[in-house]
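Chain by chain, the residues run as shown.
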Amino acid sequence: MTSAAIVQKLWNYCNVLRDDGMSYGDYVEQLTYLLFLKMADERTKPPYNQPSAVPAKYNWPTLLKKDGDDLFDHYRHMLESLGNEKGLLGLIFNKSQNKFQDPSKLRRLVVDLIDKENWSVMSADVKGDAYEGLLEKNAQDTKSGAGQYFTPRPLIQAMVDVVQPKPKETLCDPACGTGGFLLAAHDYVVKHNPNMSADEKRKLKGSTFKGWELVQSTARLCAMNLMLHSIGTDKDLPIIVSDSLAADPGDRFDIVLTNPPFGKKSSTTIVAENGKVSRETDIIERQDFWATTSNKQLNFIQHVKTLLKQNGRAAVVVPDNVLFEGGAGETVRRKLLHECDVHTLLRLPTGLFYAQGVKANVLFFDKKPASETPWTKKLWIYDLRTNMHFTLKTSALQRADLDEFVKFYNPEDRHHRKAAWKDSPSPQPSPARGEGGKKKGKSTPSPQSSPRKGEEVGNEGRWRSYTYEELISRDKASLDIFWLKDESLEASDNLPDPDVIAQEIVEDLEAALEQFREIVGDLGERSAKA
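Everything numeric here is computed off the predicted structure, so don't read it as measured data. (Residues numbered from 1 in each chain as written. Predicted model: local features only at pLDDT ≥ 70, side-chain atom pairs only at ≥ 80, totals over all residues. Heavy atoms only, no water.)

**Overview of the overall build of the protein chain**
How we decide: For helices the rule is a DSSP run of H or I covering at least 4 residues; for strands it is a run of E covering at least 2, with both sets numbered from the N terminus onward. Relative accessible area decides the class of each residue, using a 1.4 Å probe on protein chains only: under 20% of the type maximum gives buried, over 50% gives exposed, and in between gives partly exposed. Working rule for contacts: check all heavy atoms of both residues, and any pair within 4.5 Å makes them a contact. All accessible areas in this document rest on Shrake-Rupley with a 1.4 Å probe, and a residue is counted as covered only by the protein chains that are shown.
When its secondary structure is counted, the protein chain shows 17 helices and eleven strands. For the protein chain, buried positions account for 52% of its 530 residues. Intrachain contacts of the protein chain at a sequence separation of at least 6 include 77% that bridge at least 24 residues. Split by element, the accessible area of the protein chain, about 24,200 Å² in all, is 50% carbon and sulfur.

What follows is the structure in structure tokens.
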């Protein structure tokens, strides 16, 4: 059975359970518990003959033997008991609960859907892709908020394609969500290195990847996702459930790929004895950080720098505020430009993420040894945002939409790149952001910015570079740079479809509301301290 057929089969049954009030997220979690138990049982039989980590009184056959209320009681005790175990069992079953309302529907899922497939014999591609398909469907359920843990797979693939992980290189994601970056990197190494040695294959499976995830329920999905793709071992999976920003873990990696959670401020809710609720901003203070701030994205940038080995490579999804914010933001940007080789910025369009109101970018940089002179010589920027319109439902991003970026990035030799637009003497400043004014449009190119005769123009000149000197001379060392003319401002004929316009208005309003919430929160904290 193909992965698409399995997804459809399992998802069709989810629609039945929706009538009982079970959410998409609950359904995927229940599937995770049952799939794990089924596969653990399969591996005790030939040709595997492996001992099971699951206690005998809670193994898969015990579920098959029960029905009705007996099945319900057994399933509930099973989840509770396995959740108290250590290691892999604890990771999968911690805080697990039975979300079924009808024992007959639980039995149908166990007997008719899961038990009829041999998941261990099924190829990792089929069963892994099937589970990935379920995770994406879950992410599309905007009410659940699951989308914030799901990065669009075409974007992940393009990021991995330009970073090009190799056998024996170590890779981590300090905000791994459901494991998209770890899986894509694994698939890339396997595809591009068909003749790996036995030692390289063993290291790829057991010691190449590591991920941190703050949310237990998301870490559970990630663990199952990795298992189904044959990453990690039966006794150990490379997932740690903790706040990765809390401290330097001591580990260092060749590659860091990550999309940290959106949302600017970190805060803790405090309930006083009188019942009054207040929020206290969490300030991360670490000796290895350049700046102390409550901005999570700035902290993740600093954390990624710490995690990298010397000459290690990073690709990080960041919101626009990381590019232009003053104070700690300026400090981090100037330090990053000086101490690392910040060589590429991909400006992403709206409409890519399930979280609304997100304007994001991908920042690529390499960690370098200490030096008196700045390591960044030239920042190359690819503008995929201006005049580009995507929506999740009707015009979703495809990997082909990033082909030109990958070509211009030139991963085989990124030190020899060719601009698609003539460099101007200095970058045209974008309208001020973060200073009370909302960006009205994209800045237009200067007269000197037209392409040279015979120079490759590409897709309307979306690829150009700026020198270190040009970047640090900008106000707050802002990297919030645009140069293409917004065609929708020129003539109504160039306007996108009404549904796209409506979606972009929603995105802008959501982003503005988030900024207002942060301002209100800051004002509230100041009033409480006064």
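Text resumes after the structure shown.
**Some details on the pattern of salt bridges**
The line we're drawing: Any carboxyl oxygen of Asp or Glu that lies within 4 Å of a side-chain nitrogen of Lys or Arg is treated as forming a salt bridge with it.
Under the defined criterion, the tally for this structure stands at 25 salt bridges. The shortest N-O distance in the salt bridge between Lys45 and Asp41 comes to 3.2 Å. According to the relative accessible area criterion, Asp41 is buried, its value standing at 12%. Via salt bridges that share partners, Asp320, Arg347, Arg385 and Asp480 belong to a single interconnected network.

**Description of the sheet that holds strand E4 (residues 253-258)**
Rules: Paired strands, as defined in this entry, are two strands with at least two bridges between them according to DSSP. For helices, the fitted line uses only the C-alpha atoms of the stretch in contact; every axis is such a line through C-alpha atoms, and the angle between N-to-C directions lies from 0 to 180 degrees.
Taken together, nine strands build an open sheet; the order of strands is E3-E2-E1-E4-E7-E9-E8-E10-E11 and the sheet is mixed. Looking at strand neighbours, the two that pair on one side only are strand E3 (239-241) and strand E11 (463-467), the edges of this open sheet. Averaged over neighbouring strand pairs, the angle between their axes works out to 15° when direction is ignored. As paired elements, strand E2 (residues 209-213) and E3 share three bridges and run parallel to each other. Of the residues in E3, the one forming a bridge with Trp212 is Ile240. The sheet strands contacting helix H11 (residues 216-228) are E2 and E3, and the helix crosses E3 at an angle near 170°.

**Considering the nonpolar core**
Heads up, the rule is: The criterion is simple. A nonpolar core is a set of buried Ala, Val, Leu, Ile, Met, Phe, Trp, Tyr and Cys residues joined through side-chain atoms within 4.5 Å.
Formed by 105 residues in total, the largest nonpolar core has its most connected members in Tyr27, Leu346 and Phe364. Residue contributions to this core peak at eleven residues, all from helix H2 (residues 24-42). The residues contacting Leu346, other than those within four sequence positions of it, are Leu155, Asn361, Val362, Phe364, Tyr382, Leu384, Leu402 and Phe405. Core analysis: the next-biggest nonpolar cluster, separate from the first, contains 35 residues, Cys172, Trp212, Ala328 and Leu484 among them.

**Looking at the side chain of Asn361**
The following threshold applies: Whenever two N or O atoms come within 3.5 Å, that pair is a polar contact, provided that in protein one can donate a hydrogen and the other can accept it, and provided that, for residues adjacent in sequence, both atoms are side-chain atoms.
Its place among the elements puts Asn361 in strand E9 (residues 360-367). Here Asn361 falls in the buried class, since its relative accessible area comes to 0%. Side-chain polar atoms of Asn361 contact the side chain of Asp320, separated by 2.8 Å. In contact with Asn361, not counting residues within four places along its chain, are Val316, Val317, Val318, Pro319, Asp320, Leu323, Leu345, Leu346, Arg347, Leu348 and Arg385.

**Remarks on the pairing of E2**
Two faces make up the sheet, and in a regular strand the side chains alternate between them. Here E2 lies mainly inside the structure; four of its five residues are buried. Of the strand pairs in this sheet, strand E1 (residues 171-173) and E2 are connected by three bridges, and their pairing is parallel. Bridge assignment links Cys172 to a residue of E2, and that residue is Lys210.

**Focus on the state of the cysteines**
Applied cut-off: A pair of sulfur atoms, both from cysteines and within 2.5 Å, is called a disulfide here.
Evaluation of the coordinates by the stated rule reveals zero disulfides. Left unpaired, Cys172 is separated from the closest cysteine sulfur, that of Cys176, by 9.4 Å.

**Regarding the packing of helix H1 (residues 3-18) against H2**
The following threshold applies: Here is the rule for angles: anything less than 35 degrees is roughly parallel, anything more than 145 is roughly antiparallel, 65 through 115 is roughly perpendicular, and the remaining ranges are oblique. If you view the pair so one helix is near and one far, a crossing is left-handed when the near helix is turned anticlockwise from the far one by less than a right angle, and right-handed when it is turned clockwise.
It is the contact of H1 with H2, at a shortest axis distance of 10 Å, that shows an interaxial angle of 125°. The orientation of H1 with respect to H2, classified from their angle, is oblique. Crossing geometry of H1 relative to H2 is assigned as right-handed. Every residue of H2 that contacts H1 at Leu10, Trp11, Tyr13, Cys14, Asn15, Leu17 and Arg18 is listed here: Tyr24, Tyr27, Val28 and Leu31.

**Digging into the packing of aromatic side chains**
Aromatic rings in a pair are described by how distant their centres are and how their planes are angled relative to each other. Put simply, the rule is: Centre distance within 6.5 Å is the pairing criterion for rings of Phe, Tyr and Trp, where only the six-membered ring of Trp is used; planes under 30 degrees apart are then read as stacked, over 60 as edge-to-face, and the remainder as tilted.
Counted by the stated rule, this structure contains 14 aromatic pairs. Each ring, one from Tyr75 and one from Phe100, has its centre 6.4 Å from the other, and the planes form 70°; the classification is edge-to-face. Here the residue Tyr75 occupies a position in helix H4 (residues 68-83), and Phe100 occupies one in the loop between helix H5 (87-93) and helix H6 (103-114), the gap between them amounting to 25 residues. Ring geometry for Phe408 versus Trp463: centroids 6.0 Å apart, planes at 10°, classification stacked.

**Focus on H4**
Note the threshold: In a helix, the anticipated span is given by 1.5 Å times the number of residues less one.
Spanning 16 residues, H4 covers 23 Å between terminal C-alpha atoms, matching the ideal 22 Å at 1.5 Å per step. Buried within H4 are the following residues: Leu71, Phe72, His74, Tyr75, Met78, Leu79, Leu82 and Gly83.

**Digging into the packing of helix H8 (residues 153-163) against helix H9 (residues 180-192)**
Helix packing geometry: the angle between the two helix axes and the distance between the axes. Two numbers describe how H8 lies on H9: the axes approach to 9 Å, and their chain directions differ by 50°. By the angle between their axes, H8 is oblique relative to H9. Seen from above, H8 lies across H9 with right-handed handedness. Between H8 and H9, the contacting residues are Arg153, Ile156, Met159, Val160 and Asp161 on the first element and Gly180, Phe181, Ala184, Ala185 and Tyr188 on the second.

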